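# Summary of structural features
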Amino acid sequence: MFSMLQLPFIQHLQTLLFHPGSGRTLRETVLESSPILALLNESFISTWSLVKELEDLRNNRENPSHKKLADLHLEKYSFPVEMMICLPNGTVVHHINANYFLDITSMKPEDVENHAFSFASTFEDPSTATYLQFLKEGLRRGLPLLQP
């Protein structure tokens, strides 16, 4: 499934978060963090859908705009869960697979080969630090594309 987060102040930037059946890891760490919740409340609007629903939209020929949006998101989706930050037109500006997210947040910082996500922060929990960095990187990539 996915959750969509949008920027209410700086036009609409969407984050699609594909969560597996158990979102407990995020709920018990990342989504209990006051700074994360503040950023989400300040900059995003959330929604979700099952992958099956996106597949149905993609196969529905009656609404070409829904098909296009579903195609854009399914193109970036990787089993079982994909977190995506998207523009209102469906363009994915940033994404990370939940398994990869969990893998890198369980490693020691010096063992992470791809430094796209670092652990340098004031958070004790690497998941929270990494998720905050994911959101900020999505904002950094997406906001310039929303400028007139």
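Let me begin by describing the structure that accompanies this report. This structure is a prediction, so every number in the text was calculated from the model and none was measured. (Residues numbered from 1 in each chain as written. Predicted model: local features only at pLDDT ≥ 70, side-chain atom pairs only at ≥ 80, totals over all residues. Heavy atoms only, no water.)

Another point: the overall build of the protein chain. Per the secondary structure count, the protein chain includes six helices and five strands. Split into buried and exposed, the 148 residues of the protein chain put 42% on the buried side. Taking as baseline every contact in the protein chain between residues at least 6 positions apart, the subset at least 24 positions apart corresponds to 54%. Split by element, the accessible area of the protein chain, about 8,500 Å² in all, is 54% carbon and sulfur. (Helix = DSSP H or I, 4+ residues; strand = E, 2+ residues; numbered from the N terminus. Buried < 20%, exposed > 50% of the residue type's maximum accessible area, 1.4 Å probe, protein only. Contact = heavy atoms within 4.5 Å. Areas by Shrake-Rupley, 256 points an atom, 1.4 Å probe, with all protein chains shown as cover.)

Another aspect to go through is the environment of I36. Mapped onto the fold, I36 is located in helix α2 (residues 34–43). Measuring from C-alpha to C-alpha, the distance between I36 and Q133 comes to 9.9 Å, with 97 residues separating the pair along the chain.

A few words on the pairing of strand β5 (residues 92–97). Within a regular strand, the side chains alternate between the two sheet faces. Counting buried positions along β5 gives five out of six residues, so the element sits mostly inside the fold. With five bridges joining them, strand β4 (residues 82–86) and β5 adopt antiparallel strand pairing. Paired with E82 across the bridge in β5 is N97. Counted along the chain from β4 to the antiparallel partner β5, the turn is five residues long, and its residue G90 has a positive phi close to 95°. (Pairing = 2+ DSSP bridges.)

As a further point, take the environment of I104. Along the chain, I104 falls in helix α5 (residues 98–105). On the basis of relative accessible area, I104 is assigned to the buried category, the value being 2%. A C-alpha to C-alpha distance of 8.6 Å links I104 and P126, two positions 22 residues apart in sequence.

Right, let's talk about the nonpolar core for a bit. One finds Y131, F134 and L135 to be the most contacted residues of the largest nonpolar core, which totals 19 residues. Broken down by secondary-structure element, the contributors of at least two residues to this core are α2, β4, β5, α5 and α6 (126–146). Among the elements that make up this core, the one with the highest residue count is α6 (seven residues). (Core = buried A, V, L, I, M, F, W, Y, C linked by side-chain atoms within 4.5 Å.)

Attention shifts here to the packing of α5 against α6. At a minimum axis distance of 9 Å, the contact between α5 and α6 shows a crossing angle of 130°. When the axis of α5 is compared with that of α6, the two are oblique. Every pair of crossing elements has a handedness; the one defined by α5 and α6 is right-handed. Taken together, the residues of α6 that come into contact with α5 (itself represented by F101, I104 and T105) are P126, S127, T130 and Y131. Looking at the contact of α5 with α6 residue by residue, the classes come out as four nonpolar, three polar and no charged. (Axes fitted to C-alpha atoms, helices over the stretch in contact; angles between N-to-C directions. Parallel < 35°, antiparallel > 145°, perpendicular 65-115°, else oblique. Left-handed = near helix turned anticlockwise from the far one by under 90°. Nonpolar A, V, L, I, M, F, W, Y, C, P; charged D, E, K, R; others polar.)

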